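Okay, here's what each chain looks like letter by letter:
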Amino acid sequence: MTMNRRTFSGVSLAALLARTGSLRAADETPRRGGTLVVNLEPEPSSFLFNSNTAGILAAQVVEGLVEYDESFKPVPALAESWEQSPDGKTITFHLRRGVSWHDGKPFTAADVQYTVLEVIKKVNPRAGTAYRAVEAVDTPDSHTAIFRLSEPSPAIWAVLSSAEAPILPRHLYEGTPPLANPWNSKLVGTGPFVFKEWVRGDYVLVERNPTYWRKDRPYLDRIRFRTIPDPGARAAALETGEVHYAPFSAVPPSDVDRLRKLSNLVVETRGYGTFVPAFFFEFNLDRPQFRDKHVRAAFAHAIDRQALADRVWFGLAKPATGPIPSAHAELYTADVTQYPFDLKKAEALLDEAGLPRDAEGVRLRVNHYTMPYGDLFKRAGEFLRESLKQVGIDLQLVNLDLAPFLRQIYGERNFDTYSTYYNSSADPQIGVLRRYWSKAILKGVAWSNGPGYSNPEADRLIETSFTENDPAKRRALLVELQKIAQDDLPSINLLELQHFSIVSSRVRGLSTVRDGHSKALRDVWLVR
Amino acid sequence: MLPRLRYLVGRLLQVVPVAFLIILANFFLLRLAPGDLADVMAGEAGAATPEFMAALRQQFGSDQPVFTQLLNYYGKILSFDLGYSFRNSADVTSLIVSRLPATALLVGASLVLAVMLGVALGWLAAVTPRRWVAGLVSTVTSIGFATPLFWIGLMLIVLFSIELRWLPTGGFYDRDADYEGWELVVDVAKHMVMPVASLAIFYVTIYARLTTTAILDVQKMDYVRTAQAKGLGPRYVSIVHVLRNALLPVVTVSGMQIGALISGSVVIETVFAWPGMGRLAFDAVMQRDLNLLLGILFCTSLLVIVANLVTDFVYALLDPRIELQ
């Protein structure tokens, strides 16, 4: 872009400072007021349990019992303090007093009891698994909530924030099926912003909560979440400053370098540690040709994952070493079997498996369903096709949209191979383990155990880890599982994708901690 | 006047069985697409459990037998209720009503611009004695027709929004500026310039080509020679006798395109973040939001029927030989 006088005068001193100070600058005084314009794509269906973007909306309006700090340790939110019994089966939360819902009613332990038992445990499609053991929530007084668990559930400590366990107002939900409650799209919460208006296909508006319990927050008067469906137009709106903040990789990776060079924009990759899309290649293990592990290993050796990360994702991804992404430092291990890029070895393995090249030089013809999340994943499919062609595997790509893809893979189970990602989530129990758990082979359930992988030892490790309250022992179990996953190779762990936000240099106070992307924007303010 | 009124009532009565059949056809056609809304919502959530999917299907009523669902839908239509869009957590009627003005404005303005420009260019190409003018008109309009809409849109954004900073990149109007009255009109107009221009460029060709061909045909007619023979000036003949009759095919085609008023232009609405019906319909298809899609198709078909009726009346106005009966 050429710098004419008009754009140059638009580049303020603050913007120049921001290039060095990035997203936070301790020496600046926060400025109150203003409207932050956020691009939100895709437009969620409601505030609750829909897409990744629904979580960002919800975080402004509702709150969880806790939040997480830099080291992903819980810090007070609606709960001021808590303690857990040594057996891990009783967790007592002491709730904050003097907090009220946006409609003026007081927040009490009854709200926590209702939300946990009737909403989170029953209908949260992701984190519900961590709450399965919660049998009762006792409320001895109006500001104490005691979780009674049938067995320990350590994963619950990763999903107590608004991202997966937003506390909802009992008086508006009780007696209705929670997923059908009309308040889901005009949420009433206790959070820093009050829901104002949702114009479908255009924007969602939230306004400053003047009676928020954190006395001097939020800084912003309003946040407008705008829908801009076209990636090119999104990039343009960011460039012109019409949009200040675009989370969740709003532009194609190929555009990032160009935007990074603009003086009024910053590309931020921190804050996505609880949302690492683990991209992988799955085999249908019911197909006879994939029962032989040599064949699966040959596929793995034939794919140059670094090249995939560099060429398709322009470096906004890195090769995965196993099923659990490295962001989960407390559970991750790199000490597992690797399948380095080695075409000769791949060919040798295929020879060994009795799959010689035919007259056309083809050993194996299989179909491959690409992830229905846009062009990037089609490009990845093409990369895989060209890679595997070199060792005589003819990968026939099928590109579908979301609904038929889910039907074909998880409904009909009629596929040879496919590639997709699962969001690793705040804890691998939610985002990773189901891929290797035989009880997650669920016909008709989206994003379950697609390959149909079943190993009693893996099942034992997974199920024991669900209730293992000792962090060191839990780690040992999941390290063992990661080894088995890489040895058995029911699926090839290709990449850890890196989500990024595009942020205007006028924006200050955006959280960059592990779950930063899903936090309330209450500390955010705009430089003039 | 009476035969015209009788004609109108007769045509309107035909709407009832047609609408009934349209709903029936749509209802079953849409079910042919693999996957349902519960699949999509579970897919968007990133994870699912059998209980979650069952709860969704129960909420949508899609666990009922298909015939029961159809009867329920007809029952609702009779009480002017288009149902509920679960993906959008809103009434179908209110969704359509809230999106319709934006699309009507966009497509309406583009059609008017395209018809005026197209007829003018077509007329120019037909009557000019200079061949290169006709060639130029044909070349320019063909390029406009052949260029992908989204590309024109994005290039306009690059030029007018990013480089020159004259126009906003998208949206209906600036929601945070609190404009009122005349300021709001100006702001909407600013936001409309690029989407309307991109869409009009596409339609202009059609009208220019139609007009040229029709004029060349009409010029050979006996009544044109008669008009010339009785001494009328060439310009008068060309406009009053030739152009008026040559407009008939233009009216036919624009009548058909009024259907586009409600279904909109998906591409333009996507590129310019224009909150219109085209994107609503497109998203409904991708999300398998059957209630919403049925509602949109129902409204579109009603509009097409009405547009055909209006077209017939305009025919009668333009050409006295056509009688409505």
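Keep in mind that what you see is a predicted model, and the values were worked out from it rather than measured.

1. Re the overall build of chain B
Line of reasoning, step 1. The number of helices and strands found in chain B is 14 helices and 2 strands.
Line of reasoning, step 2. For chain B, the proportion of its 325 residues judged to be buried stands at 38%.
Line of reasoning, step 3. Excluding contacts between residues fewer than 6 apart, the proportion of contacts in chain B whose partners are at least 24 apart in sequence is 71%.

2. Focus on the overall build of chain A
Line of reasoning, step 1. Along its length, chain A carries 15 helices and 21 strands.
Line of reasoning, step 2. Its C-alpha atoms give chain A principal-axis dimensions of about 75 × 65 × 40 Å.
Line of reasoning, step 3. Buried positions account for 53% of the 528 residues belonging to chain A.
Line of reasoning, step 4. In chain A, 70% of the contacts between residues at least 6 apart in sequence involve partners at least 24 apart.

3. A few points about the interface of chain B and chain A
Line of reasoning, step 1. Between chain B and chain A, the residue contacts involve 47 residues of the former and 48 residues of the latter.
Line of reasoning, step 2. For the side of chain B that touches chain A, the secondary structure elements donating two or more residues are helix 2 (37-45), helix 3 (50-60), helix 5 (92-127), helix 7 (149-163), helix 12 (266-271) and helix 13 (277-286) of chain B.
Line of reasoning, step 3. The greatest single-element share of the side of chain B that touches chain A, amounting to 7 residues, is contributed by helix 2 of chain B.
Line of reasoning, step 4. Class assignment of the residues belonging to the side of chain B that touches chain A gives a composition of 25 nonpolar, 12 polar and 10 charged.

4. Digging into the pairing of strand 7 (residues 144-149) of chain A
All names here are of chain A.
Line of reasoning, step 1. In strand 7, alternate side chains face the same way, and those of Ala145, Phe147 and Leu149 are buried while those of Thr144, Ile146 and Arg148 on the opposite face are not.
Line of reasoning, step 2. Bridge count for strand 5 (residues 90-95) against strand 7 is 5 bridges, and the pairing is antiparallel. Within strand 7, the residue paired with Ile91 across the bridge is Phe147.
Line of reasoning, step 3. As paired elements, strand 6 (residues 134-138) and strand 7 share 4 bridges and run antiparallel to each other. From the neighbouring strand, Val137 faces strand 7, where its bridge partner is Phe147.
Line of reasoning, step 4. Once strand 6 ends, the chain turns through 5 residues before running back antiparallel as strand 7.

5. Topic: the confidence of the model for chain A
One rule of thumb: low pLDDT means the predicted coordinates there are not for detailed reading.
Line of reasoning, step 1. Model confidence for chain A is summarised by a mean pLDDT of 92, while 95% of its residues fall at 70 or above.
Line of reasoning, step 2. Confidence over residues 1-23 of chain A falls short of pLDDT 50; this stretch has 23 contacts with residues more than four positions distant or in other chains.

6. Here we look at helix 2 of chain B
Line of reasoning, step 1. For helix 2 of chain B, the buried fraction is high: 9 of the 9 residues fall into the buried class.
Line of reasoning, step 2. Of all the residues in helix 2 of chain B, the buried ones are Leu37, Ala38, Asp39, Val40, Met41, Ala42, Gly43, Glu44 and Ala45 of chain B.
Line of reasoning, step 3. Its buried side turned inward, helix 2 of chain B meets helix 12 (402-411) of chain A together with helix 3 and helix 14 (290-318) of chain B.
Line of reasoning, step 4. Immediately downstream of helix 2 of chain B, the backbone of Gly46 of chain B shows phi near 85 degrees, a positive value.

7. A few points about the domain arrangement of chain A
All names here are of chain A.
Line of reasoning, step 1. Domain assignment breaks chain A into domain 1 (29-61 + 191-274 + 499-528), domain 2 (63-179) and domain 3 (277-497).
Line of reasoning, step 2. Of note, the centres of domain 1 and domain 2, computed from C-alpha atoms alone, are 26 Å apart.
Line of reasoning, step 3. A per-element tally of the side of domain 1 that touches domain 2 places helix 3 (residues 52-61) first, with 3 residues.
Line of reasoning, step 4. Looking at the side of domain 1 that touches domain 2, its residues break down into 6 nonpolar, 5 polar and 2 charged.

8. Considerations on the packing of helix 5 of chain B against helix 8 (residues 181-219) of chain B
Line of reasoning, step 1. Where helix 5 of chain B contacts helix 8 of chain B, the axes come no closer than 6 Å and their chain directions differ by 40 degrees. You can see that helix 5 of chain B and helix 8 of chain B cross each other, and the crossing is right-handed.

9. Topic: the environment of Val445 of chain A
Line of reasoning, step 1. Note on placement: Val445 of chain A falls in the loop between helix 13 (428-431) and helix 14 (456-467).
Line of reasoning, step 2. For Val445 of chain A, a count of 23 C-beta atoms within 10 Å puts it in the buried group.
Line of reasoning, step 3. Along the chain, Val445 of chain A and Gly411 of chain A lie 34 residues apart, while their C-alpha atoms are 7.0 Å from each other.
Line of reasoning, step 4. Leave out the neighbours within four places in its chain, and Val445 of chain A touches Tyr410 of chain A together with Ala48, Thr49, Pro50 and Met53 of chain B.

10. Focus: the confidence of the model for chain B
Residues and elements named next belong to chain B.
Line of reasoning, step 1. Looking at chain B as a whole, the pLDDT averages 86, with 97% of positions reaching at least 70.
Line of reasoning, step 2. The least confident element of chain B, judged by mean pLDDT, is helix 11 (residues 259-263) at 68; the most confident is helix 7 at 91.
Line of reasoning, step 3. For this predicted complex, the interface score ipTM comes out at 0.85, alongside a pTM of 0.88.

Criteria and cut-off values
Residues numbered from 1 in each chain as written. Chains lettered and ligands numbered in written order. Predicted model: local features only at pLDDT ≥ 70, side-chain atom pairs only at ≥ 80, totals over all residues. Helix = DSSP H or I, 4+ residues; strand = E, 2+ residues; numbered from the N terminus. Buried ≥ 20, exposed ≤ 12 C-beta atoms within 10 Å, placed from the backbone. Contact = placed C-beta atoms within 7 Å. Nonpolar A, V, L, I, M, F, W, Y, C, P; charged D, E, K, R; others polar. Pairing = 2+ DSSP bridges. pLDDT = per-residue confidence, 0-100. Domains from an automatic or database assignment. Axes fitted to C-alpha atoms, helices over the stretch in contact; angles between N-to-C directions. Left-handed = near helix turned anticlockwise from the far one by under 90°.

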